[in-house]
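Below, each chain spelled out in residue letters.
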Amino acid sequence: GENVEQHPSTLSVQEGDSAVIKCTYSDSASNYFPWYKQELGKRPQLIIDIRSNVGEKKDQRIAVTLNKTAKHFSLHITETQPEDSAVYFCAAHLPRDNNNDMRFGAGTRLTVKP
Amino acid sequence: DTGVSQNPRHKITKRGQNVTFRCDPISEHNRLYWYRQTLGQGPEFLTYFQNEAQLEKSRLLSDRFSAERPKGSFSTLEIQRTEQGDSAMYLCASSPHSVRGKDTQYFGPGTRLTVL
């Protein structure tokens with residue numbers, strides 16, 4: 001199955017700075033990479049995703065890049081705001097018939113200091 | 001609210017008791033997933049359904065755990081003879097399924113289980 005590693009486990013930035021979270025995956029056949037934001041006591045919310053036929057995707061202050069050769073993908077948040085503080089999870093989906101091989105990273109706790 | 005819903009939101013039980021959780025997916029989604037999340041970790045996959053068929057079960061799902069989705073809509077997850085190690089947040093997610101692989105999963109709010 002797929003194995004996803006996420007770094008760093010904690011990240012603290014000053015408001016307005018950029019934050020970058022990196023994930024690596026093990027199976028080159030993985031083709032879908034979502035990122036979720038989870039605030040304390042709340043459900044994981046999808047914030048952005050990327051498919052393996054795309055190298056970069058951007059949505060306002062959030063962008064995701066994918067390097068299929070190196071099997072890693074990253075979340076970039078620019079102009080961070082205190083409300084960006086949360087735990088962020090990456091995931092990789094390995095498509096197999098009748099199997100749900102969606103594996104999550106362990107999460108990155110982002111703190112944005114005002 | 002047309003999102004994924006879960007009930008109850010919190011459950012406290014004594015060790016050895018049975019508990020059952022319910023998940024109502026987004027209505028047009030035919031795939032439904034159960035995950036377990038412990039503090040400081042990402043969601044761990046437990047099992048998933050496509051319509052009423054349970055297609056995969058994780059090795060994490062011991063024989064004390066059983067899940068059903070009898071009519072292909074809501075699902076239940078039952079834990080028998082609960083143990084303290086079962087304490088966790090149990091998350092449900094749903095997704096549409098298409099041959100084009102639009103498989104984005106949307107999570108419910110979770111059921112937090114505490115086993116005393």
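In the block above lies the structure referred to throughout.
Worth saying up front: this structure is predicted, and the values here are computed from it rather than measured.

Caption draft 1: Region of interest: the interface of chain B and chain A. Opposite the 23 residues of chain B that make contact, chain A presents 20 residues. At the boundary of chain B with chain A, total buried surface from both sides reaches about 1,800 Å², with 46% on carbon and sulfur atoms. Linking chain B with chain A are six residue pairs in polar contact (both at pLDDT 80 or more), by the criterion used here. Residue assignment for the side of chain B that touches chain A shows that the elements contributing at least two residues are strand S4 (31–37), strand S5 (44–50), strand S6 (53–57) and strand S10 (106–107) of chain B. For the side of chain B that touches chain A, a count of residues per class yields eleven nonpolar, eight polar and four charged.

Caption draft 2: Fine view of the pairing of strand S3 (residues 19–25) of chain A. Residues and elements named next belong to chain A. Here S3 shows a buried face lined by Ala19, Ile21, Cys23 and Tyr25 and an unburied face lined by Val20, Lys22 and Thr24. Of the pairings in the sheet, the one linking strand S1 (residues 4–7) to S3 comprises four bridges and is antiparallel in character. Along S3, the bridge assignment pairs His7 with Lys22. Where S3 and strand S8 (residues 72–77) come together, six bridges link them in antiparallel fashion. When the sheet's bridge partners are listed, Thr24 is paired in S8 with His72.

Parameters at a glance
Residues numbered from 1 in each chain as written. Chains lettered and ligands numbered in written order. Predicted model: local features only at pLDDT ≥ 70, side-chain atom pairs only at ≥ 80, totals over all residues. Heavy atoms only, no water. Contact = heavy atoms within 4.5 Å. Buried area = accessible area lost by both parts, 1.4 Å probe. Polar contact = N/O pair within 3.5 Å; in protein donor to acceptor, adjacent residues only side chain to side chain. Helix = DSSP H or I, 4+ residues; strand = E, 2+ residues; numbered from the N terminus. Nonpolar A, V, L, I, M, F, W, Y, C, P; charged D, E, K, R; others polar. Buried < 20%, exposed > 50% of the residue type's maximum accessible area, 1.4 Å probe, protein only. Pairing = 2+ DSSP bridges.

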